[in-house]
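# Descriptive analysis of the structure
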Amino acid sequence: MKKTEFIIQDLLSKIYQKQYPSGKLPDQRTLAQMYQVSRYTIQEAIKNLGEIGVIQIIQGSGMYISENLQKNPLIFNSLTRTPYERISSKMISISKEDSTSKDMQIFQLQQPEEIWMFQRVRIVDYKIEQIEVSKLPVSLFPSLTKEHVEDSIQKYVQNCGYTISHYITSYTPTSVSKEQAQLLMCKKGTPAMKITNRCLLDDGKVYEYSELTAIDYTCTYITPFNKDSHQARQS
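Residues numbered from 1 in each chain as written. Predicted model: local features only at pLDDT ≥ 70, side-chain atom pairs only at ≥ 80, totals over all residues. Heavy atoms only, no water.

## Concerning unusual backbone geometry
What counts is decided by this rule: What counts as a helix is a DSSP run of H or I of at least four residues, what counts as a strand is a run of E of at least two, and both are numbered from the N terminus.
Positive phi, close to 55°, is recorded for Met185, a residue that is not glycine. Tracing the chain through its elements places Met185 in the loop between helix H7 (178-184) and strand E8 (191-201). Positive phi, normally seen in glycine, also occurs at Asp216, with a value near 50°. The topology assignment puts Asp216 in the loop between strand E9 (206-214) and strand E10 (219-222).

Here is the structure:
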């Protein structure tokens, strides 16, 4: 594990254990001495913590832990920890397709209807890291365009007047196919992560179903220990 990643995880552990009751982290010089690393390494770790919303840096005052952080699980991955300005998307294709029986089940359709299907790549710091294939009901989003696909689907959905409720995400190890390798500019068979998302509106409707293939992918979970749940599983 890189020194920066170790420091990030160690500071996260200390924050969740409430070792900084004042809500303020030690200054960078103190942290550098504590971990026996350079100020640059500490700055990189602090930058990452700031990007995922764990701390707020107030110039001239210090580094403060975000309110209510310790009360909630924290999940972040190699994409969500990156600021939006360093992420872009490029559409590969977009089309309207007749819904399959699987589509009808996913989107809870009572009868067959047209479904948008698009493919795009996600680019992080000028490197293609993900291939995404997504589906959305045409009836909910009749005006979907290339510009929306290459900008932000979430923003487009909200601009259509809908309220996003939550996502259900699953992860499965996979390997890159020949076609995917050409887009990702890597070797066929490269280990990757398949990420499946079901995206729901506040009325319970699934508005998007997507499957992503991601290389160089990491995901970190920090969850408080639930004693009651642990005991229930033992019984």
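Next comes the rest of the write-up.
## Looking at the nonpolar core
Going by this rule: Only buried residues count toward a nonpolar core, which is a set of Ala, Val, Leu, Ile, Met, Phe, Trp, Tyr and Cys residues joined through side-chain atoms within 4.5 Å. Residue exposure (1.4 Å probe, protein chains only): buried if accessible area is under 20% of the type maximum, exposed if over 50%, otherwise partly exposed. Should any heavy atoms of two residues lie within 4.5 Å, those residues are counted as being in contact.
Grouped together as the largest cluster of nonpolar side chains are 22 residues, with contacts concentrated most on Leu11, Leu25, Ile42, Ile46, Leu49 and Ile55. At the level of elements, helix H1 (3-16), helix H2 (28-35), helix H3 (39-51) and strand E2 (62-65) are the ones that each hand at least two residues to this core. Per-element accounting of this core gives the leading share, 6 residues, to H1. In this view, Leu25 contacts Ile15, Tyr20, Ile46, Ile55, Met63 and Ile65; residues no more than four positions away in its chain are not counted. Counting 15 residues, the second-largest nonpolar core is a separate cluster that includes Val138, Val149, Ile153 and Val157.

## Details of the confidence of the model for the chain
Definition in use: Confidence of the predictor at the level of single residues is captured by pLDDT, which takes values from 0 to 100.
Confidence in the prediction for the chain averages 88 pLDDT; 90% of positions are at 70 or higher. When pLDDT is averaged over each element of the chain, helix H5 (residues 146-150) comes out on top at 97 and strand E3 (residues 74-77) at the bottom at 65.

## What about the sheet that holds E9?
Strands belonging to one sheet form pairs held by backbone hydrogen bonds; the direction of such a pair is parallel or antiparallel. Here is the rule we go by: Strands qualify as paired when DSSP identifies two bridges or more between them. To obtain an axis, a line is fitted to C-alpha atoms, over the contacting stretch when the element is a helix, and the angle between two such axes runs from 0 to 180 degrees between their N-to-C directions.
If you walk across this open sheet you meet the 6 strands as E4-E5-E6-E9-E8-E7, and the pairing is antiparallel. Of all strands in the sheet, those with a lone pairing partner are strand E4 (87-98) and strand E7 (164-175), marking the two edges. Between one strand axis and the next, the sheet turns by 15° as a mean value, whatever way the strands run. Where E8 lies against E9, 8 bridges are found, and the strand directions are antiparallel. Each bridged residue has a counterpart across the sheet, and for Leu200 the counterpart in E9 is Val206.

## Concerning the environment of Tyr209
Rules: Pairing of N or O atoms within 3.5 Å defines a polar contact, subject to two protein rules: one partner must be a possible hydrogen donor and the other a possible acceptor, and residues neighboring in sequence count only if both atoms are side-chain atoms.
Considering the arrangement of structural elements, one finds Tyr209 in strand E9. Taking the relative accessible area as the measure of exposure, Tyr209 reaches 12% and is therefore buried. Along the backbone, Tyr209 and Ile106 are 103 residues apart, and their C-alpha atoms lie at a distance of 7.6 Å. Engagement of the side chain of Tyr209 in a polar contact is seen with the side chain of Glu211, the distance being 2.8 Å.

## Regarding the pairing of strand E6 (residues 127-137)
Across the 11 residues that make up E6, a large majority, 8, are buried. For strand E5 (residues 114-124) and E6, the ladder comprises 10 bridges, and the chain directions are antiparallel. Within the sheet, the bridge partner assigned to Trp116 lies in E6 and is Leu136. Between E5 and the antiparallel strand that follows it, E6, lie 2 residues; Asp125 among them carries a positive phi value of about 50°.

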